[in-house]
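# Per-entry structural report
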Amino acid sequence: MARLVIVSNRVAIPEDSGKSVAAGGLAVAVKEAFTSYEGLWFGWSGKVVEDPSEEPELIDRGRVQYAVVDLSPQDHREYYSGFANRALWPIMHYRLGLGAFSRSDYAGYQRVNRIFARALAKLIEPDDIIWVHDYHLLPLASELRGLGIANPIGYFHHIPWPAADVFNTLPASNDLLRGIADYDLIGLQTDPDVHNLSRNLIDELRAIPLGGGSLMVDGRRTRIRSFPIGIDVAGFKEAAENAGANKTVRETMAGLRTRKLLIGVDRLDYSKGVPERMEAVDRFFASNPDQRGNVVYLQITPKSRTEVPEYEELSREVNETVGEINGALGEPNWTPIQYVTKAYPRPVLAGLYRAARVGLVTPMRDGMNLVAKEYIVAQTADDPGVLVLSKFAGASRQLPEALLVNPYDRFEVAEAIRTALYMPRGERIERWKPMVDRMTREDVDWWARNFLTDLENFRTIEREPPRAAAAAE
Ligand code: GDG
């Protein structure tokens, strides 16, 4: 059987005991992919050191081997904080005004992709299939091809692919498009993302559509398809069912007494629409004064990317918004918004989702949004809560029975909160059932299997020789 090589910016190495580290969305997804393959997971160790070695550190954990490299302070600043998170991330999320492009950051991004490729190429065996994850590594396939690696290489893009006019504002846009075409298979979250990238390649690079999602770009064939990422439904359901025993969950529920709970869970990121959501909750209390004291909004927001200035600014903005709303509306015995920046263990999250009458998932843009899916799966069948979901989250395509809202319109979100709180049990069940069934069918295992089956098929169809090898002939 082929060996699976996964490449991502960060690698989550399980402890020696075999116990998993605290699992984010990507770690769960990668773990799932390795259930049917032996393999290697390659990426950054998370360490920043002066003069890092180009030789990866190898760590064996049974069927999966881990290979990690450190980054220098300059690499980390330019590749990670700079180009990936201050140029690509905002542009991919339609935030043109926040995009900060610098040529030195872009050079650092290319350099780190080259370093990764050189370190990885030595570990690749002829039958391996390679699966690269996310926007940090768009040029990795080109770099690997340049080193003569002809194995099937797939790429999954976890975040949105914007409309061409937005993507093309990035000074390096055509360079990046040419690079991405060196992947054999490109997976995106939704069909509109597929449309955006395909049109971009056709218009900018004169790619020729071959049908079935395949395109010929510069004499090389690539395929673009949507693979909406799912969650570990069985694991999450079990965590939610057992969460009643957890102290934090129990005490939170006891503290609510008869109050109803609204919940939001997001990394602190401007794409997630946290201050905008708080303003919608404020609007809700303004137009429903009878609900003051009866409803509490819990927002769990672990900090992320704190070294990036835009995130510091956002943190200040959220703190101010919470302070203003709580100051204006709060009473000695009622705080409307409970805002915490600590990360909670997954079982606690599962229990809190289950305790919440309304799940507020209102990103301004999101590739998928796993929180929306987790909220649905955590509900009880006979008394489920209601999901209020942004129509700009990829998840809205698989969850049309949620209350879909425009997150830019705080009046609409406030109205949806009211509708959700007053929704009769019959309607809540009617909306929830098809969503939980779909989540169960289209879980993380389904996602990984679909992607890998497609990628494996590249072994059997006729493939063009890689550009570098062809040029060397
Ligand atoms: C990217 C894309 C796409 C959050 N707080 C805690 C915690 N979390 C977990 C959630 C969820 C995950 O983090 C966040 O996933 P999202 O999908 O919401 O968002 P991103 O981190 O931006 O992920 C996104 C995803 O990749 C997958 O392709 O859906 O669109 O942006 O699982 O539960 N987990 C724990 N404690 C917390 O406090 N344990």
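Quick caveat: nothing in here was measured; it's all calculated off a predicted structure.

Rules and cut-offs
- Residues numbered from 1 in each chain as written.
- Predicted model: local features only at pLDDT ≥ 70, side-chain atom pairs only at ≥ 80, totals over all residues.
- Heavy atoms only, no water.
- Helix = DSSP H or I, 4+ residues; strand = E, 2+ residues; numbered from the N terminus.
- Rg over C-alpha atoms; globule rule 2.2 N^0.38 Å.
- Buried < 20%, exposed > 50% of the residue type's maximum accessible area, 1.4 Å probe, protein only.
- Contact = heavy atoms within 4.5 Å.
- Areas by Shrake-Rupley, 256 points an atom, 1.4 Å probe, with all protein chains shown as cover.
- Lys, Arg positive; Asp, Glu negative; His and termini not counted.
- Charge placed at Lys NZ, Arg CZ, Asp CG, Glu CD.
- Domains from an automatic or database assignment.
- Buried area = accessible area lost by both parts, 1.4 Å probe.
- Salt bridge = Lys/Arg side-chain N within 4 Å of Asp/Glu carboxyl O.
- Polar contact = N/O pair within 3.5 Å; in protein donor to acceptor, adjacent residues only side chain to side chain.
- Nonpolar A, V, L, I, M, F, W, Y, C, P; charged D, E, K, R; others polar.
- Pairing = 2+ DSSP bridges.
- Right-handed = clockwise from strand over helix to strand, strands pointing away.
- Near = heavy atom within 4 Å.
- Phe/Tyr/Trp six-rings, centres within 6.5 Å; stacked < 30°, edge-to-face > 60°.
- Lys NZ or Arg CZ within 6 Å of the ring centre and 35° of its normal.
- Expected span 1.5 Å × (residues − 1).
- Bend = angle between axes of the 7 residues up to and from the residue.
- Axes fitted to C-alpha atoms, helices over the stretch in contact; angles between N-to-C directions.
- Parallel < 35°, antiparallel > 145°, perpendicular 65-115°, else oblique.

This part is about the overall build of the protein. The number of helices and strands found in the protein is 17 helices and 16 strands. A compact globule built from 473 residues would reach a C-alpha radius of gyration of about 23 Å, and the protein, at 23 Å, matches this within 12%. Overall size of the protein, expressed as C-alpha extent along the three principal axes, is 75 × 50 × 45 Å. By the burial criterion, 55% of the 473 residues in the protein qualify as buried. Contacts spanning at least 24 positions in sequence make up 77% of the contacts within the protein whose residues lie at least 6 apart. Summed over all atoms, the accessible surface of the protein reaches about 19400 Å², with 48% contributed by carbon and sulfur. Side chains of the protein give 57 positive and 65 negative charges; the mean places of these two sets differ by 4 Å.

Once that is clear, we can look at the domain arrangement of the protein. In terms of domain boundaries, the protein breaks down into domain 1 (4-230 + 446-457) and domain 2 (233-441). Placing the centre of domain 1 and that of domain 2 at their C-alpha centroids yields a distance of 30 Å. Between domain 1 and domain 2, the residue contacts involve 24 residues of the former and 22 residues of the latter. For the pair domain 1 and domain 2, the summed buried area comes to about 1900 Å², and 61% of that belongs to carbon and sulfur atoms. Among the residues domain 1 hides against domain 2, the three largest losses belong to Arg86, Trp89 and Arg95. Together they make up 25% of the total. Put simply, domain 1 and domain 2 have one salt bridge between them. Taking the shortest distance from any N to any O, the salt bridge between Glu310 and Arg86 comes out at 2.8 Å. Linking domain 1 with domain 2 are seven residue pairs in polar contact (both at pLDDT 80 or more). Tallying contributions element by element places helix H2 (residues 73-92) first for the side of domain 1 that touches domain 2, with seven residues. Tallied by class, residues from the side of domain 1 that touches domain 2 come to 13 nonpolar, nine polar and two charged.

Let us look at the pairing of strand S14 (residues 358-361). With burial as the criterion, each face of S14 is covered, one bearing Val358 and Leu360 and the other bearing Gly359 and Val361. Of the pairings in the sheet, the one linking strand S11 (residues 260-265) to S14 comprises two bridges and is parallel in character. Across the sheet, Leu262 pairs through a bridge with Val358, a residue of S14. In this sheet, strand S15 (residues 386-390) lies alongside S14 in parallel orientation, the contact comprising four bridges. For Val358, the partnering residue across the bridge sits in S15 and is Val386. What joins S14 to S15 is helix H13 (residues 370-378), and the crossover it makes is right-handed.

Here we take up the site of the ligand. Lining the immediate surroundings of the ligand are 23 residues, of which His158, Tyr344, Asp366, Leu370 and Glu374 lie closest. Residue Asp366 places a side-chain N or O atom 2.5 Å away from an oxygen atom belonging to the ligand. In this structure, Gly367 approaches the ligand through a main-chain N or O atom, which is 3.1 Å from an oxygen atom. When isolated, the ligand has an accessible area of 730 Å², and the protein chains bury 87% of it. Mapped onto the shell around the ligand, the elements with two or more residues apiece are helix H12 (346-355) and H13. Residues of the shell around the ligand, tallied by class, amount to 14 nonpolar, four polar and five charged.

For the coordinates displayed, the defined rule picks out 24 aromatic pairs. Here Trp131 and Trp447 contribute two aromatic rings whose centre-to-centre distance is 5.1 Å and whose plane-to-plane angle is 40°, an arrangement assigned as tilted. Here Trp131, found in strand S5 (residues 129-133), pairs with Trp447, found in helix H16 (residues 444-456); they are 316 residues apart in sequence, far enough to count as distant. Each member of the pair, Trp131 together with Trp447, is buried. By the ring-pair criterion, three or more aromatic residues cluster together here, those being Phe42, Tyr79, Phe83, Phe101, Tyr106, Tyr109 and Phe116. Here the guanidinium or amino end of Arg305 rests over the ring plane of Trp89, the centre of that ring lying 4.1 Å away.

Looking now at helix H15 (residues 425-441). With 17 residues, H15 extends 24 Å between its outermost C-alpha atoms, agreeing within 8% with the 24 Å of an ideal straight helix rising 1.5 Å per residue. Largest kink in H15: about 25°, centred on Trp432, with the proline Pro434 one to four residues after it. Along H15, the positions that sit buried rather than exposed are Arg428, Trp432, Met435, Val436, Arg438 and Met439. Contacts from the buried residues of H15 go to helix H8 (233-242), H13 and S15.

Moving on to the environment of Gly351. Tracing the chain through its elements places Gly351 in helix H12. Contact partners of Gly351, with chain neighbours within four places excluded, come to Ala243 and Val249.

A word on the packing of helix H10 (residues 274-287) against helix H11 (residues 309-329). H11 packs onto H10 with a crossing angle of 10° between their chain directions and a minimal axis gap of 9 Å. As the angle between them shows, H10 and H11 are arranged roughly parallel. Residue-level inspection shows Val274, Pro275, Met278, Glu279, Asp282 and Phe285 of H10 in contact with H11, the latter providing Leu314, Glu317, Val318, Thr321, Val322, Ile325 and Leu329.

Across the five residues that make up S5, a large majority, five, are buried. Burial along S5 is two-sided: the face carrying Ile129, Trp131 and His133 and the face carrying Ile130 and Val132 are both buried. Pairing of strand S1 (residues 4-10) with S5 involves four bridges; the strand directions are parallel. Looking at the pairing, Val5 lines up with Ile130 of S5. Here S5 pairs with strand S6 (residues 153-156) via four bridges, running parallel.

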